[in-house]
Amino acid sequence: MKNFKTYIEKNKKRFLNELFELLRIPSISASSDHDLDIRLTADLIKKHLVNLGLDNCEICETQGHPIVYGEKIINKNLPTILVYGHYDVQPVDPLELWDQDPFQPYIKKTKIHPEGAIFARGACDDKGQMYMHVKAMEYMTSTGNLPCNVKFMIEGEEEVGSEGLAWFVPRNIEKLANDVILISDTGMIANNIPSITTGLRGLSYVEVEVTGPDRDLHSGLYGGAVANPINILSKMISSLQDENNKITIPGFYDKVSEMTKEERIEVSKIPFSKDNYQSEIGIESTYGEKGYVTNERNSGRRVRRSYENRRY
Ligand SMILES: [Zn+2]
């Protein structure tokens with residue numbers, strides 16, 4: 001560990017320059033105006049992987065943006081880690097709300113980053129984290145400290161739904177075979193608390209159209225006697241939760257496991273200030289299902305997968 005820290009100190013300037021070079025490319029996956037930038041970023045990451053001495057480095061084409069791949073297999077009997085990351089970024093509009101050009105990275109000290117943090121689009125989602133793994137790999141390969149096999153799979157469509165990845169993975173099962181997937185595309189409880197994210201909340205959205213009479217109706221003649229679609233829609237939306245804010249959709253909780261007592265005790269230990277949480281987003285009180293605290297509401301319960309109790 002000591003050597004690792006020394007290595008970082010020794011190479012910090014180069015690390016920052018390389019990361020800044022990546023951050024300067026506006027690899028916005030949602031706009032075809034940036035297709036060339038996406039390519040440039042993929043090329044640059046491939047170059048980094050090649051420089052590390054990884055084998056079989058390639059830019060894998062998909063129907064969308066490409067996936068960068070590289071691997072170091074030192075011993076087939078050792079475990080294999082697959083590092084996942086993405087090099088695409090979110091759009092930057094509205095531009096006027098940025099303090100500086102989002103593609104001109106700079107370091108700034110803030111209340112939560114007293115030692116300074118890098119500000120740029122993609123710095124913490126996910127170029128920064130992805131690059132951290134690349135540099136950890138550099139340390140291990142250049143100092144002979146690589147303890148296992150490592151594969152890198154860095155995609156360019158995470159911010160637009162990863163369609164290419166969904167196509168690529170089932171077609172490359174063998175190439176991607178691994179024992180552990182390492183992903184740093186989530187958050188940390190606090191800067192000084194190493195955190196492992198074991199699941200993420202997804203989202204589901206539907207479009208519902210409620211139709212009414214075939215013309216605009218005079219309220220004096222029809223008011224109160226004919227349903228107004230907006231009222232019906234409001235009733236439908238409000239019926240999705242009961243008076244305790246519990247979701248009322250049949251079957252919604254069927255696969256959701258309740259938190260164990262131990263899990264709730266662990267969650268209660270997370271440093272969390274409800275006042276800060278509220279003031280940060282300008283609200284006066286939190287909201288959610290009765291019987292749970294904020295951290296349990298937003299991340300406590302999950303769907304238990306069938307593979308979770310498997311022993312390896
Ligand atoms: Zn991300």
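Residues numbered from 1 in each chain as written. Predicted model: local features only at pLDDT ≥ 70, side-chain atom pairs only at ≥ 80, totals over all residues. Heavy atoms only, no water.

(A) How the structure looks around helix H2 (residues 35–51). Taking 1.5 Å per residue as the helical rise, H2 with its 17 residues ought to reach 24 Å, and the 24 Å between its terminal C-alpha atoms agrees with that figure. Taken together, the buried positions of H2 are occupied by Asp37, Ile38, Thr41, Ala42, Leu44, Ile45, His48 and Leu49. Buried residues along H2 cover an arc of 160 degrees about the axis, so they all sit on one side. Exposed residues on H2 whose side chains face more than 90 degrees from its buried face are Leu36 and Asn51. (Helix = DSSP H or I, 4+ residues; strand = E, 2+ residues; numbered from the N terminus. Expected span 1.5 Å × (residues − 1). Buried < 20%, exposed > 50% of the residue type's maximum accessible area, 1.4 Å probe, protein only. Arc of directions from axis to C-beta.)

(B) Highlighting the side chain of histidine 65. Among the secondary structure elements, histidine 65 is positioned in the loop between strand E1 (55–60) and strand E2 (67–72). When its relative accessible area of 12% is taken as the criterion, histidine 65 is described as buried. There is a polar contact of 3.4 Å between the side chain of histidine 65 and the backbone oxygen of serine 29. Residues within four places of histidine 65 in sequence aside, it is in contact with Ser29, Asp35, Ile38, Tyr87, Gly156 and Glu157. (Polar contact = N/O pair within 3.5 Å; in protein donor to acceptor, adjacent residues only side chain to side chain. Contact = heavy atoms within 4.5 Å.)

(C) Just the coordination of the zinc ion, in detail. The protein atoms that coordinate the zinc ion are His86 (NE2), Asp125 (OD), Asp185 (OD) and Asp185 (OD), at distances spanning 1.9 to 2.5 Å. The site at the zinc ion holds four donor atoms, and with the angles between them running 56 to 141 degrees, its shape is irregular. One chain supplies every donor to the zinc ion, and in sequence these donors are spaced H-x38-D-x59-D. Of this pair, histidine 86 sits in strand E3 (residues 80–86) while aspartate 185 sits in the loop between strand E7 (180–183) and helix H6 (219–222), and the two are 99 residues apart along the sequence. Neither residue differs from the other here; histidine 86 and aspartate 185 are each classed as buried. (Donors = N, O, S within 2.8 Å, 3.2 Å for Na, K, Ca; no water. Tetrahedral: all angles 85-135°; square planar, octahedral: opposite > 155°, others 65-115°.)

(D) Representation of a nonpolar patch on the surface within the structure. A cluster of nonpolar side chains, namely Val206, Val208, Ile232 and Met236, defines an oily patch on the protein surface of about 340 Å² accessible area. Residue position: valine 206 is located in the loop between E7 and H6. Residue valine 206 is classed as exposed on the basis of its relative accessible area of 70%. (Patch = residues over 30% accessible without salt bridge, like charges linked within 9 Å, V, L, I, M, F, W, Y side chains within 5 Å. Areas by Shrake-Rupley, 256 points an atom, 1.4 Å probe, with all protein chains shown as cover. Salt bridge = Lys/Arg side-chain N within 4 Å of Asp/Glu carboxyl O.)

(E) Here's a closer look at the packing of aromatic side chains. Within the structure shown, the criterion is met by six aromatic pairs. Relative to phenylalanine 15, the ring of tyrosine 7 lies with its centre 6.2 Å away and its plane at 50 degrees, an arrangement referred to as tilted. Take tyrosine 7 and phenylalanine 15: they sit in the same class, and that class is buried. By the ring-pair criterion, three or more aromatic residues cluster together here, those being Phe4, Tyr7, Phe15 and Tyr139. When the ring centre of tyrosine 69 is taken as origin, the NZ or CZ atom of lysine 175, which lies over that ring, is 4.5 Å away. (Phe/Tyr/Trp six-rings, centres within 6.5 Å; stacked < 30°, edge-to-face > 60°. Lys NZ or Arg CZ within 6 Å of the ring centre and 35° of its normal.)

(F) Here's a closer look at the nonpolar core. Membership of the largest hydrophobic core comes to 30 residues, with the highest contact counts inside it found for Ile45, Leu49, Tyr87 and Phe152. Where this core is concerned, the elements lending two or more residues are helix H1 (2–23), H2, helix H3 (127–142) and strand E6 (149–155). The leading source of residues in this core is H1, at six residues. Residues within four places of leucine 49 in sequence aside, it is in contact with Leu54, Cys57, Val68, Tyr69, Gly70, Val134 and Phe152. Tyr69, Tyr84, Phe168 and Leu176 belong to the second-largest nonpolar core, a separate cluster that totals nine residues. (Core = buried A, V, L, I, M, F, W, Y, C linked by side-chain atoms within 4.5 Å.)

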